[in-house]
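Listed below are the residues making up each chain.
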Amino acid sequence: MPDPGDERCLPALAAALRSLLLPGAGAAERALAAFAEPQGFDFAAFLEPSGLGFAPRGVWMRERGAPRGDELRLPPRWLDAFAEGRVVSAPAGEVSPPELKPLRLFGAPALLAAPARGDGLVGVLLFAAFGQRFTWSEGHAHAASALAAALAAALVRIDETAAVLDHLPQRIAWKDSRLRYRGANRAFARAAGLTGAQLAGRSDRELVLRPELCDGGEVARRHEREVLQSGRPQLARIEATQVAAGREQWLAVSRIPLTGSDGKPSGVIVVSEDITDRLQAAAMLRHAERTGAVARLAAAMTADLRTPLAEIENLADDERVRSAARNAGDLVRQLAAFARRQLADPVDVAPASLIARMGNLLGRVLGDGLALELPVEGLRIAVRVDPRQLELMVVSVVRHVRSYMPQGAKLALDVAPQTLGIERSLAFGLPAGEYVRIRFLAYPIDPGGADMSETLRARLVLAQTIARHGGGALRLNRDESSYRAGSDSLAIEVVLPRVFSLPRAIDPTPAADTRGVESVLILDDDLHLRGAVAAVLRQLGYTVHIAEHLDEALAQQRQTRPPLALALVSSELSAGPGEASRALQKAQPELRVMVLSRQAGGEGVVVSASFEALAARVRQALDSRPG
């Protein structure tokens, strides 16, 4: 009469082998459960050689609380049997307690162990059943041998696939229909702060360290549910997230449905790639191309117009024609000079000295009622960066911080050398090494201050882009109360790679600082002239509005917030500069007005004489008392 265990072995073995063909993580656990549970086993494990013992690769237990260890030891007589390819079986009570203890099994179980062999012993399939009357049949031994070989082969394929996925830079994970993780590659697990095994069975809400889920992951989960419901993939969606250190991260995310044996979606594969550096590099390349195009255009205009303008000036009988030719030549040369200044020119510079000399500009950015503390100018630690880009980054950060500062608050800037070890460098996303830290600390701040609007976000992104272009990083830290006990503060740190050289000397008598952040209106009916003046002022940091006639200027004045600080009015207006000035100041009595002239000897500032002179006069007018 056949053993009843033999009748249950073949269906259980078939179910276990079918489970190995299913996609997703947990293949070993599924196969063990499919084989062991119908036959009344209490414990099943597939063990792989590890160090001096064997490590469980897959474990199934009828009672989940049963004890098990990370490394098990098998009796030496079993190893001798495995070397000969034999299956070891023992009825209940035959294995002594000293032999059971290294297996982390207790009591008097019946044991069955089948080896899986390749070039040597590659694994052991172990079963345990607690019950005095349980006996092993020949069918159990044959089925265990077949399942051990199948498990070893399946795990080799899984390991090879996992090794390939682990070497890919993209973050790859796969989920079931309930959007719980079934597996992930190394890049994704590292971003989640867990191992691949720890990820299995978790949902996005449990992955607090995953950067893509800083917003709770609701948007990502909605997209994943859409893929499951429709069965259609979403490929290379560009998505932005906020990550550590105050940086914004851009990802190209693809979501692909996994289909089950019935052809219906049973899960989703998520592939994400960090394209932040690529987008920032593309943006900087576009900016460089636009700047280079302006420079080339200006240089071509200078080369093409120099000779004809000189001929007009020499041959014309009318003085007005000669003056116009001279003014046109000056205008083209000045535009070319300004365009050339936008090209990056990194040099070794001391940030402390540069920032200390920006005091007047930063004071205007902060405005009245706020205190400013600047770094010591003599600190000569150096970084290699374009000074204009560093100044732009400092102004962008200060304008961002200003939005959170109430009246009476203080902004302190300090510069210091910084050694970033492995742990601290990870917070900035930089390699360990020597850096220079620029710190912006505002205190106190309004805890419920400005929301992260698009304008504030744009300022911070600009500063981050400049820092990354210089090989550094920017980190935002809200509410750094440890600096001022009992008061809220906002700290932003920028670190740039330190260079050990003498920084470029700064001229002790520099030219007047002509930059600004105020709103300026240009009222001129000459399209080319007002466009050139607007381009110059925008390069200096001003917000510029342009108008062709008085009605348009008055409409701009009513809509502009904050209010205009200065109006530049052409002396050639058909309505007359005086009438235009009076109309603008009637609507806004504190508005400063300056008249622009297109030729020497006219009323007001001569535009074409020098863009630098015009910028200096604009700054002088803004610094003067209104009225």
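Our structure is the block above this text.
Presented here is a report on the structure given in the accompanying data block. Since we're looking at a predicted model, the values are computed, not measured.

Parameters at a glance
Residues numbered from 1 in each chain as written. Predicted model: local features only at pLDDT ≥ 70, side-chain atom pairs only at ≥ 80, totals over all residues. Heavy atoms only, no water. Core = buried A, V, L, I, M, F, W, Y, C linked by side-chain atoms within 4.5 Å. Buried < 20%, exposed > 50% of the residue type's maximum accessible area, 1.4 Å probe, protein only. Helix = DSSP H or I, 4+ residues; strand = E, 2+ residues; numbered from the N terminus. Contact = heavy atoms within 4.5 Å. Phe/Tyr/Trp six-rings, centres within 6.5 Å; stacked < 30°, edge-to-face > 60°. Arc of directions from axis to C-beta. Pairing = 2+ DSSP bridges. Right-handed = clockwise from strand over helix to strand, strands pointing away. Axes fitted to C-alpha atoms, helices over the stretch in contact; angles between N-to-C directions.

1. A closer look at the nonpolar core
- Core analysis: the largest hydrophobic core is formed by 41 residues, its most contacted members being Met393, Val394, Leu411, Ile438 and Phe440.
- Within the residue set of this core, elements represented by two or more residues are helix H11 (351–356), helix H12 (359–366), strand S13 (382–385), helix H13 (387–402), strand S14 (410–420), strand S15 (433–443), helix H15 (454–469) and strand S17 (490–499).
- It is H13 that contributes the most residues to this core, seven residues altogether.
- Those residues in contact with Phe440 that lie beyond four places of it in its chain are Val394, Val397, Val398, Leu411, Ala412, Leu413, Leu490, Ala491, Ile492 and Val494.

2. As for the packing of aromatic side chains
- By the definition in use, this model includes five aromatic pairs.
- When the centroid spacing of 5.2 Å and the interplanar angle of 50 degrees are considered together, the rings of Phe41 and Phe127 count as tilted. One end of the pair, Phe41, is in the loop between helix H2 (27–36) and strand S1 (43–50); the other, Phe127, is in strand S5 (residues 121–129), with 86 residues separating them in the sequence.
- For Phe41, a relative accessible area of 0% translates into the label buried.
- Through a chain of ring-to-ring contacts, the aromatic side chains of Phe35, Phe41, Phe127 and Trp136 assemble into a single cluster.

3. Structural notes on the environment of Val461
- With respect to the helices and strands, the residue Val461 is situated in helix H15.
- Overall, Val461 belongs to the partly exposed group, its relative accessible area being 27%.
- For the pair Val461 and Leu474, spaced 13 residues apart in sequence, the C-alpha separation works out to 9.6 Å.

4. Examining H12
- Those residues of H12 that sit buried are Gly359, Leu361, Leu362, Val365 and Leu366. For H12, the arc enclosing every buried residue in end-on projection is 160 degrees, short of the 170-degree limit, so these residues lie on one face.
- Contact partners of the buried residues in H12: H11, strand S12 (371–373), H13 and S14.
- Count one or two residues on from H12 and you reach Gly367, which has phi positive near 85 degrees.

5. Re the pairing of strand S19 (residues 543–547)
- In this structure, strand S18 (residues 519–523) lies alongside S19, joined through five bridges in parallel fashion. Its bridge partner being in S19, Leu523 is matched across the sheet by Ala547.
- Once the chain exits S18 it traverses helix H16 (residues 527–539) before rejoining the sheet at S19, and the crossover so formed is right-handed.

6. Considering the sheet that holds strand S4 (residues 110–117)
- Spatially, S2-S1-S5-S4-S3 is the arrangement adopted by the five strands of the open sheet, whose pairing is antiparallel. Edge strands, defined here as strands with exactly one partner in the open sheet, are strand S2 (53–61) and strand S3 (88–90). Within this sheet the neighbouring strands show an average axis-to-axis angle of 15 degrees, counted without direction.
- Contacts between helix H3 (residues 76–83) and the sheet are confined to S2, S3, S4 and S5, with S4 contributing the most and set at about 40 degrees to the helix.

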